[in-house]
Amino acid sequence: MAVLATVWGLRLTANFHRRGGYQWPPWQGEEDYRWAHIREGRYLPILTKPTVWFLFNLTFISFYQNILLLLIVTPSFIAYAVANDCGDGAYPKMNIFGLDGLATILMLTGILVEAIADNQQYKFQEEKYKQINAGIERKGEYADGFCQSGLFSIVRKPNYAAEQSIWISFYIFSIAATGGRLWNWSALGWILLLILFQGSGALTEKLSLMKYPVRYAEYQKRVPLYVPKLFGTKVRTAKRKNH
């Protein structure tokens, strides 16, 4: 579990570094573009009030997000507690063909998907601005302004979808540790994470619609947000070929 969480962290760190997130002094690094819009009240108008923004910064940004990071790894607390507090034979031996193996495969798959999605988005943005700066006439998705190919042709937010699946997969380790019990208190982490991503996803969707009102609305109708519609995609593809 520690190795998997470390792999997740290393990938996230590398991607943040590539985007210029690490600078000295720290406040000169890249800021998530969404924070500027949130400060301007585009998500919640009340956040434009200085006192409200201060409280939001203190509670949500400074404390809640860090507490959530702790909560999503609490399945490891369950595994540790069972192994150390309930006797040597309490924790089931790792079974690579059982829940431990399933959790490992699912989590690694999620990390891989997230890495591919971030890389596709990075390369798209890099090429888009290269064409803009060179004065090249943009075509296709570059003219639209947002990535719609690769994993982004399957779901609109593949990196968000992968992040949520990673920590649901991590929770499976606690199910294995408790002998197959589906629910324990460490589920709170991934549940709160999913709730957070509903708000985060809604915000980015709103911002994209503001920036690309026509094209992005068409994209929303064509491609689901988080969960792929494989059957529907095949049907639409078949219909386009028939025409």
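Worth saying up front: this structure is predicted, and the values here are computed from it rather than measured.

### Comments concerning the confidence of the model for the protein chain
- The share of residues in the protein chain with pLDDT of 70 or more is 89%, and the mean pLDDT across the chain is 88.
- A low-confidence stretch, residues 233–243 stays under pLDDT 50, and its non-local contacts, those more than four residues away or across chains, total one contact.

### With respect to the packing of aromatic side chains
- Counting across every chain of the model gives 17 aromatic pairs.
- With a centroid separation of 5.0 Å and an interplanar angle of 80°, the aromatic rings of Trp8 and Trp167 are classed as edge-to-face. Here Trp8 is found in helix α1 (residues 2–18), whereas its partner Trp167 is found in helix α7 (residues 158–177), with 159 residues between them in sequence.
- The exposure class of Trp8 is buried, given its relative accessible area of 14%.
- Overall, the relative accessible area of 1% leaves Trp167 in the buried class.
- Arranged with centres 6.0 Å apart and planes meeting at 25°, the rings of Trp183 and Trp190 form a pair that is stacked.

### Focus on helix α4 (residues 75–85)
- Looking at α4, one finds that the buried residues are Pro75, Ile78, Ala79 and Val82. Angularly, the buried residues of α4 cover 95° about the axis, an arc narrow enough to put them on a single face. Facing away from the buried side of α4, by more than 90 degrees, are the exposed residues Tyr80 and Asp85.
- Check the buried side of α4 and you find it contacts α3 (50–72) and α7.

### Quick look at the packing of α4 against α7
- Closest axis-to-axis distance for the α4/α7 pair is 8 Å, and the angle between their directions is 20°. Between α4 and α7, the interaxial angle falls into the category roughly parallel. For the pair α4 and α7, the sense of crossing is left-handed. In this structure, α4 contributes Pro75, Ser76, Ile78, Ala79 and Val82 to the contact, and α7 contributes Phe170, Tyr171, Ser174 and Ala177.
- Of the residues belonging to the contact of α4 with α7, the class tally is seven nonpolar, two polar and no charged.

### Quick notes on the pattern of salt bridges
- Per the stated rule, a full pass over the model turns up six salt bridges.
- Close ionic contact of Arg11 with Glu114 constitutes a salt bridge, the shortest N to O distance being 3.6 Å. Of this pair, Arg11 sits in helix α1 while Glu114 sits in helix α5 (residues 99–134), and the two are 103 residues apart along the sequence.
- Residue class for Arg11 comes out buried when judged on its relative accessible area of 14%.
- By relative accessible area, which is 5% here, Glu114 ends up buried.
- What emerges from the salt-bridge pattern is a single network uniting Arg11, Glu114 and Asp118.

### Digging into the nonpolar core
- Formed by 17 residues in total, the largest nonpolar core has its most connected members in Met107, Ile166, Trp167 and Leu193.
- No other element matches α7, which puts seven residues into this core.
- Among the nonpolar cores identified, the runner-up in size contains 10 residues, and Ala117, Phe124, Cys147 and Tyr212 belong to it.

### Notes on the environment of Phe16
- Structurally, the position occupied by Phe16 is in helix α1.
- With a relative accessible area of 32%, Phe16 lands in the partly exposed category.
- It is 9.8 Å that separates the C-alpha atoms of Phe16 and Gly29, two residues lying 13 residues apart in sequence.
- Not counting the four nearest positions on each side in its chain, Phe16 is found in contact with Gly21, Tyr22 and Glu30.

Criteria and cut-off values
Residues numbered from 1 in each chain as written. Predicted model: local features only at pLDDT ≥ 70, side-chain atom pairs only at ≥ 80, totals over all residues. Heavy atoms only, no water. pLDDT = per-residue confidence, 0-100. Contact = heavy atoms within 4.5 Å. Phe/Tyr/Trp six-rings, centres within 6.5 Å; stacked < 30°, edge-to-face > 60°. Helix = DSSP H or I, 4+ residues; strand = E, 2+ residues; numbered from the N terminus. Buried < 20%, exposed > 50% of the residue type's maximum accessible area, 1.4 Å probe, protein only. Arc of directions from axis to C-beta. Axes fitted to C-alpha atoms, helices over the stretch in contact; angles between N-to-C directions. Parallel < 35°, antiparallel > 145°, perpendicular 65-115°, else oblique. Left-handed = near helix turned anticlockwise from the far one by under 90°. Nonpolar A, V, L, I, M, F, W, Y, C, P; charged D, E, K, R; others polar. Salt bridge = Lys/Arg side-chain N within 4 Å of Asp/Glu carboxyl O. Core = buried A, V, L, I, M, F, W, Y, C linked by side-chain atoms within 4.5 Å.

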